[in-house]
Amino acid sequence: MVASRSARERKAAAQAGPLARVTIDLDGQQQFLYRISCTSCVARGHRAWSTHRAGEDNGFMAAMDRWTFHLVEKHPGEDAPCLAFLGEAQQRLHERREGG
Ligand SMILES: [Zn+2]
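So, a few notes on the structure that sits alongside this text. Bear in mind the structure is a predicted one, so any value in this text is a computation, not a measurement.

The coordination sphere of the zinc ion, as far as protein atoms go, consists of Cys38 (SG), Cys41 (SG), His70 (NE2) and His75 (NE2), spread over 2.0 to 2.3 Å. Considering all 4 donor atoms around the zinc ion, the spread of angles at the metal, 105 to 114°, places the coordination shape in the tetrahedral class. Positions of the donor residues of the zinc ion, expressed as sequence spacing, correspond to C-x2-C-x28-H-x4-H. Of this pair, Cys38 sits in strand S2 (residues 32-38) while His70 sits in helix H3 (residues 57-74), placing them 32 residues apart in sequence. By relative accessible area, which is 0% here, Cys38 ends up buried.

Now the structure itself:
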């Protein structure tokens, strides 16, 4: 499990794009805890933006979805592989709001 953590980190960082800083911790239940912070917001002295979500693939997707929305809202000129999944992220957000 732990051995694959850095590989997951690299994969998530590649997908999140150059502005993101991705780290993965393990929580008390040995679950992956995804953290994505925005290097651009930090550099500009804004309140640092970051999201963290626990869990396996669900946690990864929830964190990446939030990051994708952050990019679209705050850094519309930026390019990142995760933006290709913006439509799916919005669909998931909608489904979560509907409660299903
Ligand atoms: Zn930002």
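Attention now goes to the nonpolar core. Membership of the largest hydrophobic core comes to 19 residues, with the highest contact counts inside it found for Ile36, Met64 and Trp67. When contributions to this core are tallied by element, the ones reaching two or more residues are helix H1 (5-16), strand S1 (20-26), S2 and H3. With 5 residues, H3 is the largest single contributor of residues to this core. Those residues in contact with Met64 that sit more than four places away from it in its chain are Ala12, Gln15, Ala16, Ile36 and Cys82.

A few words now on the pattern of salt bridges. The final tally for this structure, using the stated rule, is 3 salt bridges. A salt bridge links Arg92 to Asp65, with the shortest nitrogen-to-oxygen separation between them at 2.8 Å. Note that Arg92 is positioned in helix H4 (residues 86-98) and Asp65 in helix H3, a separation of 27 residues in sequence. Asp65 carries the same exposure label as Arg92, and that label is buried. With its nearest N and O atoms 4.0 Å apart, the salt bridge here joins Glu88 to Arg92. Of this pair, Glu88 and Arg92 are both found in helix H4, 4 residues apart, which corresponds to roughly one turn of the helix. Relative accessible area serves as the criterion here: at 44%, Glu88 is assigned to the partly exposed category. Residue classification places Arg92 among the buried positions, given a relative accessible area of 19%.

Procedures and definitions
Residues numbered from 1 in each chain as written. Predicted model: local features only at pLDDT ≥ 70, side-chain atom pairs only at ≥ 80, totals over all residues. Heavy atoms only, no water. Donors = N, O, S within 2.8 Å, 3.2 Å for Na, K, Ca; no water. Tetrahedral: all angles 85-135°; square planar, octahedral: opposite > 155°, others 65-115°. Helix = DSSP H or I, 4+ residues; strand = E, 2+ residues; numbered from the N terminus. Buried < 20%, exposed > 50% of the residue type's maximum accessible area, 1.4 Å probe, protein only. Core = buried A, V, L, I, M, F, W, Y, C linked by side-chain atoms within 4.5 Å. Contact = heavy atoms within 4.5 Å. Salt bridge = Lys/Arg side-chain N within 4 Å of Asp/Glu carboxyl O.

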